Amino acid sequence: MIAVCIATYNQEQYIAQAIESVLMQQCDEPMRIFIGDDASTDRTPEICRRYAKQDERIVYYRREKNMGIVRNTVDLYRRIIATGCRYIAMLDGDDYWSTRDKLQMQINFLQAHPSYGFVHTASYALQNGELTIETPYEAIPIGDISNQYRRSGAGQTNSSVVFLTRLLKEKDLDAIEAQHFRVLDYPLYGLFAQYTYFGYLDTPTTVWRVHDSTSHPKSVIRYGIYLFHYMRCWRWLEKCYPGKYGYTFLRAFYSWASRTLYATWRRIKCL
């Protein structure tokens, strides 16, 4: 069974399209949809409850108070592990899948390549109403990427990812949660890189919305803070597996400063 993991917060404009894009999937493997609503204050709960009432495959969890993206998603992972689902497909609440065979293509890949436990695809970026193919910062590494993950990860769009549930070891989840990171995909997939191969399908299956959010804030100050936490994740991965991630303070500072300055320049240019 495939567990589709959707973490959402105040995404009333987008969550219905995200759910619909899952329900349209044509896949041989049975599916269950886990939605973690992080105490939304808009109409997100109303929309999610309506879909859950209409389709028994949807399991909706409403948080009593805001937990943050990491704790919200980790809680969903623990619930998924308890159900015995073999695969986990990720979908952010403000993104959506663009093809009906997305899950089938990725399940076929994992079944045909037993040494691979993780597969992601190309994706579209949607910004200001314009749809473009998302271009990663660096060449996308595939296969054994234990020495290649580094700062830019595997070039994955989170909503395009499918991985084997067995990769979620309790010690990894507990360790990440204890770090109080603001992002989860980068450090978690960095751990995965040490004990499975990564696959990539060069077919766009996902639409990533580029708008004001935690990972793509309009405010330069917020972006600088986000990058600081990203560098913390990078340093933590290097401590877990010394020599594997190429982290040094100077590299991290240069990366943080250059990307923050670039974001500042873009902001000034738009004024």
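Anything mentioned here points back to the structure above.
All values reported here derive from a predicted model rather than from experimental measurement. (Residues numbered from 1 in each chain as written. Predicted model: local features only at pLDDT ≥ 70, side-chain atom pairs only at ≥ 80, totals over all residues. Heavy atoms only, no water.)

Peer 1: Lay out the pattern of salt bridges in plain terms, naming residues and giving numbers.
Peer 2: Counted under the stated rule, the structure contains eight salt bridges. Linking Arg62 and Asp37 is a salt bridge whose minimum nitrogen-to-oxygen distance equals 3.2 Å. Of this pair, Arg62 sits in strand β3 (residues 58-62) while Asp37 sits in strand β2 (residues 31-37), placing them 25 residues apart in sequence. Taking relative accessible area as the criterion, Arg62 reaches 37% and is therefore assigned partly exposed. Residue Asp37 is classed as buried on the basis of its relative accessible area of 0%. Arg71 is paired through a salt bridge with Glu177; the nearest N and O atoms lie 4.0 Å apart. Of this pair, Arg71 sits in helix α3 (residues 69-83) while Glu177 sits in helix α5 (residues 170-178), and the two are 106 residues apart along the sequence. Given a relative accessible area of 41%, Arg71 falls into the partly exposed group. A single network of salt bridges, built from pairs that share partners, joins Arg71, Arg78, Asp174 and Glu177. (Salt bridge = Lys/Arg side-chain N within 4 Å of Asp/Glu carboxyl O. Helix = DSSP H or I, 4+ residues; strand = E, 2+ residues; numbered from the N terminus. Buried < 20%, exposed > 50% of the residue type's maximum accessible area, 1.4 Å probe, protein only.)

Peer 1: Lay out the environment of Cys240 with the relevant residues and their values.
Peer 2: The topology assignment puts Cys240 in helix α7 (residues 220-240). On a C-alpha basis, the gap between Cys240 and Val183 in space is 17 Å, while along the polypeptide they are 57 residues apart.

Peer 1: Got a sec to walk through the packing of helix α1 (residues 15-23) against helix α2 (residues 44-54)? Specific residues and values, please.
Peer 2: Contact pair α1 / α2: the axes reach a minimum separation of 10 Å and the direction vectors enclose 20°. It follows from the interaxial angle that α1 and α2 lie roughly parallel. Where α1 crosses over α2, the handedness of that crossing is right-handed. Of the residues in α2, those in contact with Ile15, Ala16, Ile19, Glu20 and Leu23 of α1 are Thr44, Ile47, Cys48 and Tyr51. For the contact of α1 with α2, a count of residues per class yields seven nonpolar, one polar and one charged. (Axes fitted to C-alpha atoms, helices over the stretch in contact; angles between N-to-C directions. Parallel < 35°, antiparallel > 145°, perpendicular 65-115°, else oblique. Left-handed = near helix turned anticlockwise from the far one by under 90°. Contact = heavy atoms within 4.5 Å. Nonpolar A, V, L, I, M, F, W, Y, C, P; charged D, E, K, R; others polar.)

Peer 1: An account of the state of the cysteines is requested, with residue identities and associated values reported.
Peer 2: A covalent bond between the sulfur atoms of two cysteines is referred to as a disulfide. If you walk through the whole model with that rule in mind, you get zero disulfides. Note on Cys5: no disulfide assigned, nearest cysteine sulfur contributed by Cys85 at a separation of 11 Å. When its relative accessible area of 1% is taken as the criterion, Cys5 is described as buried. The structure places no disulfide on Cys48, whose sulfur is separated from the nearest cysteine sulfur, that of Cys5, by 13 Å. A relative accessible area of 0% places Cys48 in the buried class. (Disulfide = S-S within 2.5 Å.)

Peer 1: Before we move on, could you go through the environment of Gly224 and cite the residues and values that matter?
Peer 2: Here Gly224 lies in helix α7. Among the residues examined, Gly224 registers a relative accessible area of 9% and is labelled buried. The sequence separation of Gly224 and Ala257 amounts to 33 residues, and the corresponding C-alpha distance is 8.3 Å. Sequence-distant contacts of Gly224, that is, excluding residues within four places in its chain, are made with Trp256 and Thr260.

Peer 1: Give a description of the packing of aromatic side chains that names residues and reports values.
Peer 2: Within this structure, the stated rule accounts for 19 aromatic pairs. Both rings, one in Trp234 and one in Tyr247, keep their centres 5.3 Å apart while their planes meet at 85°; by these two values the pair is edge-to-face. Linking Trp234 in helix α7 with Tyr247 in the loop between α7 and α8 (249-270), this pair joins segments that are 13 residues apart in sequence. On the basis of relative accessible area, Tyr247 is assigned to the buried category, the value being 18%. By the ring-pair criterion, three or more aromatic residues cluster together here, those being Tyr77, Phe118, Tyr149, Phe163, Tyr186, Tyr189, Phe192, Phe198, Tyr223, Tyr226, Tyr230 and Tyr245. For the cation-ring pair, Arg259 lies above Tyr230, with the distance from its terminal atom to the ring centre recorded as 5.9 Å. (Phe/Tyr/Trp six-rings, centres within 6.5 Å; stacked < 30°, edge-to-face > 60°. Lys NZ or Arg CZ within 6 Å of the ring centre and 35° of its normal.)

Peer 1: Help me get a handle on the nonpolar core, residues and values and all.
Peer 2: Residues Tyr77, Tyr149, Phe163 and Tyr189 are the most contacted members of the largest nonpolar core, which totals 73 residues. No other element matches the nine residues that α7 contributes to this core. Tyr189 has contacts with Tyr77, Met90, Phe118, Tyr149, Gln156, Asn158, Val161, Phe163 and Phe198, leaving out every residue within four places of it along the chain. (Core = buried A, V, L, I, M, F, W, Y, C linked by side-chain atoms within 4.5 Å.)

Peer 1: For the packing of α3 against α5, give the residues involved together with the corresponding values.
Peer 2: In contact at an axis separation of 10 Å, α3 and α5 are set at 165° when each is read in the N-to-C sense. On the basis of their axis angle, the class for α3 and α5 is roughly antiparallel. Here the hand of the crossing between α3 and α5 comes out left-handed. Facing α3, whose interface residues are Val70, Arg71, Val74, Tyr77, Arg78 and Ile81, α5 presents Glu170, Leu173, Asp174, Ile176 and Glu177. Per-class residue counts for the contact of α3 with α5 are six nonpolar, no polar and five charged.

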